[in-house]
Amino acid sequence: MIVAVAGGKGGVGKTLISTSLARSITSVQFLDCDVEEPNAHIFLQFTPRKSDQVEIEVPQYRKWKGEVCQEGAEFCRYQALVVVNEEMLVFPQLCTSCGGCFILCSDRVLKPMAHQVGRVKMGVSAGGIDLVVGELKVGEQRTVEVIKSVKTRLNRSRNVIIDCPPGNGRPTLEAVRGSEFCLMVTEPTPFGLEDLKGNKQLIDLLGIPAGVVINRSGGLYQEIGRWSAEAGLPILAEVPWDLEIARGAARGRTLQQIDQSWEERLRVLWGDIERLIK
Ligand code: SF4
């Protein structure tokens, strides 16, 4: 079973829910696709055993008898390649690795060069969870390439939990794509509701079943429940606004580490997800 845990915005408790769920079931592989700020390893106490670079191909300029490739520079819509004073300048951080300039320019002027955009770490965490963590290199923008690289390690023989990046853009789409279920974590605020609506649009595009977890519930704002019922989204769990939970989560503790009674509630949540997939 492959379950993506998404949240329309950062700070709603997505990683607390995904890591707690991972600890409550057996035979788990956990993919941390929140590559701009991976933190699941803090909750899961991870020992990395292997680390691979994530690279894209960018052009390298080889000055050859003063030649430049004006055509290639004009083709590049991202301005990753420019001609200045009969020299070519390459800006790898802007390159999408589309390969267009290599096709247009002769081999003598531009040649492909590997450029590191991130790293994928693999290892085993406490409780025998296989953990794969994607990390975008500081200053780089190729979030999707790092997420795709994490997902090439997906092991279908295990229960897979994917911690998605926040938001409703392309990185979240790539992280959720191929999952059998999406658990959408939100908070009971007007911002939480708007981001949940965005999450729902994205899930509808992919056509997979979904359910909602409300974190920090119990306040006066009741719109999440009302809107979810209208949208046909089941509320699968609610985590109350509680100082002990907030303190524990800030120290990197999962729900069952904070309060043992969560173990059973998380197993029920996993069972509900299984039923909704069938
Ligand atoms: S590979 Fe594509 S994006 Fe990168 S420099 Fe060449 S044309 Fe621009």
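Residues numbered from 1 in each chain as written. Predicted model: local features only at pLDDT ≥ 70, side-chain atom pairs only at ≥ 80, totals over all residues.

A.B. asks: Looking at this model, I keep getting lost on the domain arrangement of the protein chain. Mind explaining?
C.D. replies: Where the parts come together, the accessible area they lose is often given as the size of the interface. With domains assigned, the protein chain is organised as domain 1 (2-45 + 126-277) and domain 2 (56-116). Distance between the C-alpha centres of domain 1 and domain 2: 40 Å. (Domains from an automatic or database assignment.)

A.B. asks: Is there a simple way to explain the nonpolar core in this structure?
C.D. replies: A general tendency of soluble globular proteins is for nonpolar side chains to be buried together. Judged by nonpolar contacts, the single largest core of 60 residues is most densely connected at Ala4, Val5, Phe30, Ile161, Ile162, Cys182 and Leu183. Once residues within four sequence positions are removed from consideration, Val5 is found in contact with Lys14, Ile17, Ser18, Ile161, Ile162, Asp163, Cys164, Leu183 and Val185. The next biggest cluster of nonpolar side chains, apart from the first, holds 14 residues, and it includes Val58, Cys69, Ala80 and Val109. (Core = buried A, V, L, I, M, F, W, Y, C linked by C-beta atoms within 7 Å. Buried ≥ 20, exposed ≤ 12 C-beta atoms within 10 Å, placed from the backbone. Contact = placed C-beta atoms within 7 Å.)

A.B. asks: I keep staring at the packing of helix 7 (residues 190-206) against helix 8 (residues 223-231) and nothing clicks. Help me out?
C.D. replies: In helix packing, the relevant descriptors are the interaxial angle and the interaxial distance, both defined with respect to the helix axes. Where helix 7 contacts helix 8, the two axes come as close as 10 Å, and the packing angle between them is 20°. Classified by the interaxial angle, the pair formed by helix 7 and helix 8 is roughly parallel. By crossing handedness, the relation of helix 7 to helix 8 is classed as right-handed. Contacts between helix 7 and helix 8 involve Gly192, Leu193, Leu196 and Lys200 from the former and Glu223, Ile224, Trp227 and Ala231 from the latter. Of the residues belonging to the contact of helix 7 with helix 8, the class tally is 5 nonpolar, 1 polar and 2 charged. (Axes fitted to C-alpha atoms, helices over the stretch in contact; angles between N-to-C directions. Helix = DSSP H or I, 4+ residues; strand = E, 2+ residues; numbered from the N terminus. Parallel < 35°, antiparallel > 145°, perpendicular 65-115°, else oblique. Left-handed = near helix turned anticlockwise from the far one by under 90°. Nonpolar A, V, L, I, M, F, W, Y, C, P; charged D, E, K, R; others polar.)

A.B. asks: Teacher, can you tell me more about the sheet that holds strand 2 (residues 28-32) here?
C.D. replies: In sheet architecture, strand pairing relies on hydrogen bonds along the backbone and comes in two forms, parallel and antiparallel. Read across the sheet, 9 strands follow the order 3-6-7-2-8-1-9-10-11 without closing on themselves; strand pairing throughout is mixed. Looking at strand neighbours, the two that pair on one side only are strand 3 (46-61) and strand 11 (235-240), the edges of this open sheet. Neighbour-to-neighbour, the strand axes of the sheet open up by a mean angle of 20°, direction not taken into account. Sheet analysis places strand 1 (residues 2-7) next to strand 9 (residues 181-186), joined by 5 bridges and oriented parallel. Bridging from a neighbouring strand, Val5 pairs with Leu183 of strand 9. Seen against the sheet, helix 1 (residues 14-24) touches strand 1, strand 2, strand 7 (129-136), strand 8 (159-163), strand 9 and strand 10 (210-217) and runs at an angle of roughly 165° to strand 8. In this fold helix 5 (residues 143-151) packs onto strand 2, strand 3, strand 6 (110-125) and strand 7, with an angle of close to 160° to the strand it touches most, strand 7. (Pairing = 2+ DSSP bridges.)

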